[in-house]
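Read off the chains here:
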Amino acid sequence: MQVTIKTPEDIAQMRIACRLASEVLDYITPFVKVGVSTGELDRLCHEYMVRVQGTVPAPLNYQPPGYLPYPKAICTSVNDVICHGIPDDKRILKSGDAVNLDITVITPEGYYGDTSRMFMVGEPSILCKRLTQITYECMWLGIAQVAPGKHLGDIGHAIQKHAETAGYSIVREYCGHGIGKTFHEEPQILHYGRPGSSMELKAGMIFTIEPMVNAGKRDIRTMPDQWTVKTRDRSLSAQWEHTVLVTENGYEVLTLSAGSPPPHRPR
């Protein structure tokens, strides 16, 4: 497994890319409301990236081996959609919906910034509020494990334990990933695991932590569009994502901006 340790120049550029990705979420926040289509959210984000920031939406036409090209600028995953929901004009947000907006930008210098947030539309259910909050805590509990000498398994274990203690399940088919001048790099960041297992963390690593937590069982189903992934039992799913740098004595969250929700401070 070849993991790229980022140079000081890489880190400086990644701070910019990741802040810009988070600022797209700041911009779109007031538009996420009852009556808007996910297609309109996509158009607004695309325009902001290209015209205001001068960035490129990384998902647009992204095509891993065996997949059709992804057709939109962002991912909009609503309710039982776990990830990679494709925006369209038919999907109108209604009160009670939970939606994850996943943003990845590419800067003119070629660096990727990747982050996502949950949004609750109108009057969310108690389940929606709790699942969204627990998933947010899962992400921050994972982040709190990041430091040189710790292991990837420490991150996954902290996330898994918190989700399962709350009665929820962790999606295992998708994970976090290294990132830099490539969208997806090694290492893979599993959101479950055993303490002390897998790769040891080293200063200069940059990767995403992005747990996907289901209110029901962890089983998934992939739609015919090859991208949209839903819970098999149609239960609600939630996800949060930050990009994190391993520093000499801990971590730095790179995808923070003025509108980011406040961090969860594990006790």
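Note: the structure precedes this text.
What counts and what doesn't
Residues numbered from 1 in each chain as written. Predicted model: local features only at pLDDT ≥ 70, side-chain atom pairs only at ≥ 80, totals over all residues. Heavy atoms only, no water. Phe/Tyr/Trp six-rings, centres within 6.5 Å; stacked < 30°, edge-to-face > 60°. Buried < 20%, exposed > 50% of the residue type's maximum accessible area, 1.4 Å probe, protein only. Helix = DSSP H or I, 4+ residues; strand = E, 2+ residues; numbered from the N terminus. Lys NZ or Arg CZ within 6 Å of the ring centre and 35° of its normal. Contact = heavy atoms within 4.5 Å. Lys, Arg positive; Asp, Glu negative; His and termini not counted. Salt bridge = Lys/Arg side-chain N within 4 Å of Asp/Glu carboxyl O. Pairing = 2+ DSSP bridges.

A.B. asks: Go over the packing of aromatic side chains, please, and point to the residues and values.
C.D. replies: Taken as a whole and assessed by the stated rule, the structure comprises nine aromatic pairs. Considering the side-chain rings of Y27 and F31, the 5.4 Å spacing of their centres and the 50° angle between planes classify their relative orientation as tilted. Take F31: its relative accessible area is 30%, and that puts it in the partly exposed class. Centroid distance Y70 to W227: 5.2 Å. Interplanar angle 85°. Geometry classified as edge-to-face. Of this pair, Y70 sits in the loop between β1 (56-57) and β2 (75-78) while W227 sits in the loop between β11 (220-222) and β12 (229-231); the two residues are 157 residues apart in sequence, bridging distant segments of the chain. Overall, the relative accessible area of 2% leaves Y70 in the buried class. According to the relative accessible area criterion, W227 is buried, its value standing at 6%. Through pairs of rings, three or more aromatic residues link up here, namely Y62, Y67, Y70, Y112, F183 and W227. In this structure, R172 packs its charged tip against the face of Y192, placed 4.2 Å from the ring centre.

A.B. asks: How would you summarise the environment of E241 if you had to cite specific residues and measurements?
C.D. replies: With respect to the helices and strands, the residue E241 is situated in the loop between β13 (237-239) and β14 (242-246). Filtering out sequence-adjacent residues up to four positions away, E241 remains in contact with D102, D114, T115, S116, M139, H177, T208, I209 and E210.

A.B. asks: Give me the side chain of D102: which residues, what numbers.
C.D. replies: Relative to the helices and strands, D102 is located in strand β4 (residues 98-106). For the buried D102, which has no salt bridge, the nearest side chain bearing the opposite charge is R117, at an N-O separation of 11 Å. With residues near it in sequence (within four places) discarded, D102 still touches I74, C75, D114, T115, S116 and E241.

A.B. asks: Before we move on, can you summarise the pairing of β4 with the specific residues and values?
C.D. replies: Put simply, side chains in a regular strand alternate between the two faces of the sheet. The buried count for β4 comes to nine of nine residues, which makes it a mostly enclosed element. What you see with β4 is no split at all: A98, N100, D102, T104 and I106 on one side and V99, L101, I103 and V105 on the other are buried throughout. Bridge analysis of β1 against β4 gives two bridges, and the strand direction is antiparallel. Among the inter-strand pairings, P57 is bridged to a residue of β4, identified as V105. Direction of pairing for β2 relative to β4: antiparallel, over a ladder of four bridges.

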